[in-house]
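Listed here are the chains, written in short residue letters.
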Amino acid sequence: MDGVTVSKKGNGIIFKSENPFYILANRDYFDFKYINEFDNHYYNQPNLERILVEKDGISIISTVEFFEKKFFTNITVLLDVDLDNVTLLNIYRTVIETISTVSWQVNAINKDELSNKLGNYYNMIYIACTGKSEKIISFDISLFYEVKELVEDALTKSFNNLGYFKK
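Model, not experiment: these values are computed from the prediction.

Peer 1: What is the right way to read helix α2 (residues 141-161) from this model?
Peer 2: Since one α-helical turn is 3.6 residues long, residues separated by three or four positions face the same way. Compared with the 30 Å implied by 1.5 Å per residue over 21 residues, the 30 Å span of α2 between its first and last C-alpha is a close match. Residues of α2 that are buried include every one of L143, F144, E146, V147, L150, V151, E152, A154, L155, T156, S158 and F159, and no others. Packing partners of the buried residues in α2 comprise β4 (51-55), β5 (58-67), β6 (70-83) and α1 (85-105). Looking one or two places after α2, you find G163, whose phi comes out positive at around 90°.

So, in structure tokens, the structure goes:
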């Protein structure tokens, strides 16, 4: 996306935008906010590969890491369009469903109880667009299918890097 830069910070990456992102994420204080910068895609193993898939103004950054017998997925969706809150929520839901589907297809399921030691953030998801649409956007299922297809592609590549392939 124009005006967006990505840089490393410690064991994560920072997304910065000249114009504020409108964002939704499963992290405190990232619920329908305007921000110029956010971080995601932290790693415990320095050889973690980040996958980028782009098409039609949608960029997906995916990482999957197997750490302490658990799979940790990080998905960032950048959309070069203004979206309303309902559409952001539906994209978020689409990403969660896609993580579940791809994880099942490659047999990469966390089979134990949640762990307070590691935190319970096995899936970090950030959905960021160029701004908030003040109008409710008419429902266009093609956007959700396109996001699903791109997330599935990126996640599959991330799991393949760990040696997990679709059955």
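Peer 1: I'm lost on the layout of surface pockets in this one. Help?
Peer 2: The rolling of a water-molecule-sized probe over the atoms marks out the regions of remaining empty space. Quantified by volume, the second largest pocket comes out at close to 180 Å³. If you trace the second largest pocket, you find it lined by F71, T73, I96, I99, S100, S103, A108, I109, N110, Y122 and N123. Only β6 and α1 provide two or more residues apiece to the lining of the second largest pocket. Here the lining of the second largest pocket takes four residues from α1, the largest share from any one element. Tallied by class, the residues present in the lining of the second largest pocket amount to six nonpolar, five polar and no charged.

Peer 1: What am I meant to see in the packing of aromatic side chains here?
Peer 2: Given two aromatic rings, their pairing is described by the distance between the two centres and the angle made by the two planes. Applying the stated criterion to the full structure yields nine aromatic pairs. Directly above the aromatic system of W104 lies the positively charged group of K167, at a separation of 5.8 Å from the ring centroid.

Peer 1: Even after reading the chapter, I still don't get α1, so can you show me in this structure?
Peer 2: With 21 residues, α1 should reach 30 Å at 1.5 Å per residue; the first-to-last C-alpha distance of 30 Å fits that figure. Among the residues making up α1, those that are buried are T87, L88, N90, I91, Y92, T94, V95, T98, I99, V102 and S103. The secondary structure elements touched by the buried residues of α1 are β2 (12-25), β3 (31-40), β6, β7 (123-132) and α2. By the N-cap criterion, in which a side-chain oxygen at the helix start approaches the backbone nitrogen of a residue two or three places on, α1 is capped by D84, the distance to V86 being 3.1 Å.

Peer 1: How should the pairing of strand β1 (residues 4-9) be read in this particular structure?
Peer 2: For a regular strand, side chains alternate in direction, first toward one face of the sheet and then toward the other. Pairing between β1 and β2: six bridges, direction antiparallel. Opposite K9, over in β2, you have G12 as the bridge partner. The turn joining β1 and β2, which pair antiparallel and follow one another in sequence, is formed by two residues; a positive phi near 55° is taken by G10.

Peer 1: Looking at this model, I keep getting lost on the nonpolar core. Mind explaining?
Peer 2: Considering soluble globular proteins, one finds that nonpolar side chains tend to be buried as a cluster. Membership of the largest hydrophobic core comes to 31 residues, with the highest contact counts inside it found for V77, L79, I91, V95 and I127. Counting only elements with at least two residues in this core, the list comes to β2, β4, β5, β6, α1, β7 and α2. The element contributing the most residues to this core is α2, with eight residues. Setting aside anything within four residues of it in sequence, one finds I91 in contact with L79, L83, I127, L143, F144 and V147. Formed by 14 residues, the second largest nonpolar core is a distinct cluster that contains F15, I23, F38 and L78.

Peer 1: Got a minute to help me understand the environment of L88 in this structure?
Peer 2: Along the chain, L88 falls in helix α1. Separated by 40 residues in the primary sequence, L88 and A128 place their C-alpha atoms 8.4 Å from one another. Not counting the four nearest positions on each side in its chain, L88 is found in contact with Y22, L24, F32, L83, I127 and C129.

Peer 1: I would appreciate a short explanation of the environment of E146 in the present structure.
Peer 2: Counting through the fold element by element, E146 comes out in helix α2. Here the alpha-carbon distance between E146 and A128, two residues 18 residues apart in the chain, equals 16 Å.

Conventions adopted
Residues numbered from 1 in each chain as written. Predicted model: local features only at pLDDT ≥ 70, side-chain atom pairs only at ≥ 80, totals over all residues. Heavy atoms only, no water. Helix = DSSP H or I, 4+ residues; strand = E, 2+ residues; numbered from the N terminus. Expected span 1.5 Å × (residues − 1). Buried < 20%, exposed > 50% of the residue type's maximum accessible area, 1.4 Å probe, protein only. Contact = heavy atoms within 4.5 Å. 1 Å grid on protein atoms, 1.4 Å probe; cavity = no way out; pocket = protein on both sides within 12 Å on 5 of 7 lines; lining within 4 Å. Points joined across faces, edges and corners; volume = space filled by probe spheres on them. Nonpolar A, V, L, I, M, F, W, Y, C, P; charged D, E, K, R; others polar. Phe/Tyr/Trp six-rings, centres within 6.5 Å; stacked < 30°, edge-to-face > 60°. Lys NZ or Arg CZ within 6 Å of the ring centre and 35° of its normal. Polar contact = N/O pair within 3.5 Å; in protein donor to acceptor, adjacent residues only side chain to side chain. Pairing = 2+ DSSP bridges. Core = buried A, V, L, I, M, F, W, Y, C linked by side-chain atoms within 4.5 Å.

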